[in-house]
Amino acid sequence: MTAAAPRARRSDATRAAILRAARERFAADGYDRATIRAIAADARIDPSMVMRYYGSKEGLFAAAAEFDLRLPDLADVPPQRLGQVLVRHFLDRWEGDETLAALLRAASTNPGAAERIRDIFANQLTDAVARFGTDPASTARRAGLVASQTLGLAFARYIVRLPPVVDMTPDELVAWLAPTLQRYLTGRPQE
């Protein structure tokens, strides 16, 4: 066995300990109150090791963030209700979990967090859209448009806290946004 193999295993174990501690700390304290020092103490390592492996708090959060959109099976949704179901789902999902908002905040300045958001939406949303029977040639484009609308809503409502958007009830938001998502999912581009 070479000397590199034990070092690689130690490195993997350290990364795993950091991620475990970060997930627990971010869940308990939220993104803003969690500190690199506290995460390092929980992982029983020096804070410099966290920075060595992840570069910044944003980079660590991006690596540690586990966010399942928990999308409904769109194959079971009547086609004329797809937009309504998705807007309602995203609102329900964001209202109860600050992880996406924290990841969205981090994504604006951290490439790792931006990549994490791209992965979450590209993989989970594209798979869900593909299941209800879109033309495979347009599935990724349709999912991307839905993501742009829903991420824009999340940014305006939960990050910037734009008063008119914050003041709207979920039912009002569904009424306004569902037709747009419906068009993205089932419509055709206008020429």
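Note that the structure is predicted; figures quoted are calculated from it, not measured.

Peer 1: Looking at this structure, I do not really get the nonpolar core. What am I missing?
Peer 2: As a rule of thumb, soluble globular proteins bury nonpolar side chains together. Among the nonpolar cores identified, the biggest contains 64 residues, and Phe26, Leu60, Phe90, Phe121 and Leu125 are the most heavily contacted of them. With residues near it in sequence (within four places) discarded, Phe121 still touches Leu69, Phe90, Leu100, Thr126, Ala147, Thr150 and Leu151.

Peer 1: Explain the pattern of salt bridges to me, please; I cannot follow it from the model alone.
Peer 2: It is possible for side chains bearing opposite charge to pair when their charged atoms get close. In this structure the tally under the stated criterion is five salt bridges. Note that Glu95 and Arg157 form a salt bridge whose closest N and O atoms lie 3.3 Å from each other. In this pair, Glu95 is assigned in helix α5 (residues 82-95) and Arg157 in helix α8 (residues 139-159), connecting sequence segments 62 residues apart. With a relative accessible area of 47%, Glu95 lands in the partly exposed category. Across the pair Arg118 and Glu115 runs a salt bridge whose closest N-O atoms are separated by 2.7 Å. Of the two residues, Arg118 and Glu115 are both situated in helix α7 (residues 111-131); the distance of three residues between them amounts to about one turn of the helix. The partly exposed category is assigned to Arg118, whose relative accessible area is 47%. Judged by its relative accessible area of 36%, Glu115 is partly exposed. Members of the salt-bridge network, linked through shared partners, are Arg25, Asp29 and Asp42.

Peer 1: Even after reading the chapter, I still don't get the side chain of Thr150, so can you show me in this structure?
Peer 2: If you trace the backbone, Thr150 turns up in helix α8. Leave out the neighbours within four places in its chain, and Thr150 touches Phe90, Trp94, Phe121 and Leu181.

Peer 1: Got a minute to help me understand the environment of Thr139 in this structure?
Peer 2: When you line up the elements, Thr139 lands in helix α8. For Thr139, a relative accessible area of 6% gives the class buried. Considered as a pair, Thr139 and Tyr184 are 45 residues apart in the sequence and their alpha carbons are 10.0 Å apart. Discounting residues that sit within four places of it in the chain, Thr139 has contacts with Thr126, Val129, Ala130 and Thr134.

Peer 1: I'm lost on the packing of aromatic side chains in this one. Help?
Peer 2: Pairs of aromatic rings are described using the distance from one ring centre to the other and the angle between the two planes. Under the counting rule described, the total for this entry stands at four aromatic pairs. For the pair Phe90 and Phe121, a centre-to-centre distance of 6.1 Å together with 20 degrees between the ring planes defines the contact as stacked. Placement of the pair is Phe90 in helix α5 and Phe121 in helix α7, with a sequence separation of 31 residues. Judged on exposure class, the residue Phe90 and its partner Phe121 are both buried. The rings of Phe90, Trp94, Phe121 and Tyr158 are connected pair by pair, giving a single aromatic cluster.

Peer 1: Before we go on, may I ask you to explain the environment of Asp97 in this structure?
Peer 2: Structurally, Asp97 is set in the loop between α5 and α6 (99-107). Under the relative-accessibility criterion, Asp97 is labelled buried at 18%. In the structure, Asp97 is positioned 74 residues away from Asp171 in sequence and 19 Å away in space, judged by C-alpha atoms.

Basis of the calculations
Residues numbered from 1 in each chain as written. Predicted model: local features only at pLDDT ≥ 70, side-chain atom pairs only at ≥ 80, totals over all residues. Heavy atoms only, no water. Core = buried A, V, L, I, M, F, W, Y, C linked by side-chain atoms within 4.5 Å. Buried < 20%, exposed > 50% of the residue type's maximum accessible area, 1.4 Å probe, protein only. Contact = heavy atoms within 4.5 Å. Salt bridge = Lys/Arg side-chain N within 4 Å of Asp/Glu carboxyl O. Helix = DSSP H or I, 4+ residues; strand = E, 2+ residues; numbered from the N terminus. Phe/Tyr/Trp six-rings, centres within 6.5 Å; stacked < 30°, edge-to-face > 60°.

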